[in-house]
Amino acid sequence: VEEVKEIGSKIKDKKKVYFEIGPAPNLYSFGNSTFLNEIIEIVGAENIFKDQESWISPSSESVIDANPDVILTNVNYIDNPIDEIMNRDGWENITAVKEKAVYSIDTNSSSRPTPDVIKALKEMGIKVPSYHRESLKRECVHIGLGHFHRSHFLTYMDKLLESLPDEKIREF
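Residues numbered from 1 in each chain as written. Predicted model: local features only at pLDDT ≥ 70, side-chain atom pairs only at ≥ 80, totals over all residues. Heavy atoms only, no water.

Chemist: Help me get a handle on the overall build of the chain, residues and values and all.
Modeler: In terms of helices and strands, the chain carries 10 helices and 6 strands. Long-range contacts, defined as pairs at least 24 residues apart, comprise 66% of the intrachain contacts of the chain with a sequence gap of at least 6. As presented, the chain carries roughly 9300 Å² of accessible surface, and 51% of it is formed by carbon and sulfur atoms. (Helix = DSSP H or I, 4+ residues; strand = E, 2+ residues; numbered from the N terminus. Contact = heavy atoms within 4.5 Å. Areas by Shrake-Rupley, 256 points an atom, 1.4 Å probe, with all protein chains shown as cover.)

See the structure below:
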């Protein structure tokens, strides 16, 4: 957790995340004072409902208005929750939907604050491009230090990773 927190704390461009735990028509999500909100913050992202308290039932319009960069869901009791989210009326202009940044997170590890939550933490980190970019930089430094002077290597990797669009970062 500390390693993830360290990477997350370096992220300047915090992606806006909507995490859905209940599908339409009665959406269910969360605000602050929840372990899932804490995980979103640890990976260097921002919950679109961080200003609300605890577990909430947001309107579809409030999600559209917040325009999240990434949508995560742990819904596992409907057929293909990703397609259901991607095809909702009015959601086609949400950044996450346009960029196909809608992902499933393991239900068991993201449903209870148990030691299993580490799996959800890692999954969420990989799905949030700004966190994944920082994590890749860290890995590249460990791999590349034998061949380059550290400062030159970091400069090169920063330029390379920053030049890649989010969808390419997700492929790594």
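Having seen the model, we can carry on.
Chemist: Break down the side chain of Asp69 for me, with residues and values.
Modeler: With respect to the element layout, Asp69 can be found in the loop between helix H3 (60-66) and strand S5 (70-73). Within the structure, Asp69 has its side chain in polar contact with the backbone nitrogen of Lys16 (distance 2.8 Å). When sequence neighbours within four positions are dropped, the list of residues in contact with Asp69 reads Lys15, Lys16, Thr95, Ala96 and Ala101. (Polar contact = N/O pair within 3.5 Å; in protein donor to acceptor, adjacent residues only side chain to side chain.)

Chemist: Before we move on, can you summarise the nonpolar core with the specific residues and values?
Modeler: Formed by 36 residues in total, the largest nonpolar core has its most connected members in Tyr18, Phe19, Val63, Ile71, Leu72 and Trp91. Elements with a minimum of two residues in this core: strand S1 (16-20), helix H2 (35-42), H3, S5, helix H4 (81-86), helix H5 (95-98), strand S6 (102-104) and helix H7 (117-127). With 5 residues, H2 is the largest single contributor of residues to this core. (Core = buried A, V, L, I, M, F, W, Y, C linked by side-chain atoms within 4.5 Å. Buried < 20%, exposed > 50% of the residue type's maximum accessible area, 1.4 Å probe, protein only.)

Chemist: Go over the pattern of salt bridges, please, and point to the residues and values.
Modeler: One pass over the full model with this rule turns up 4 salt bridges. In this structure, Glu20 and Arg88 form a salt bridge, with 2.6 Å as the shortest nitrogen-oxygen distance. Placement of Glu20 in strand S1 and of Arg88 in the loop between H4 and H5 is noted, with a sequence separation of 68 residues between them. On the basis of relative accessibility, which here comes to 1%, the residue Glu20 falls in the buried class. Among the salt bridges present, the one from Lys50 reaches Glu46, with a minimum N-O distance of 3.2 Å. Looking at Lys50, the relative accessible area reads 32%, which means it is partly exposed. What you see here is one network of salt bridges that share partners, running through Glu20, Glu84 and Arg88. (Salt bridge = Lys/Arg side-chain N within 4 Å of Asp/Glu carboxyl O.)

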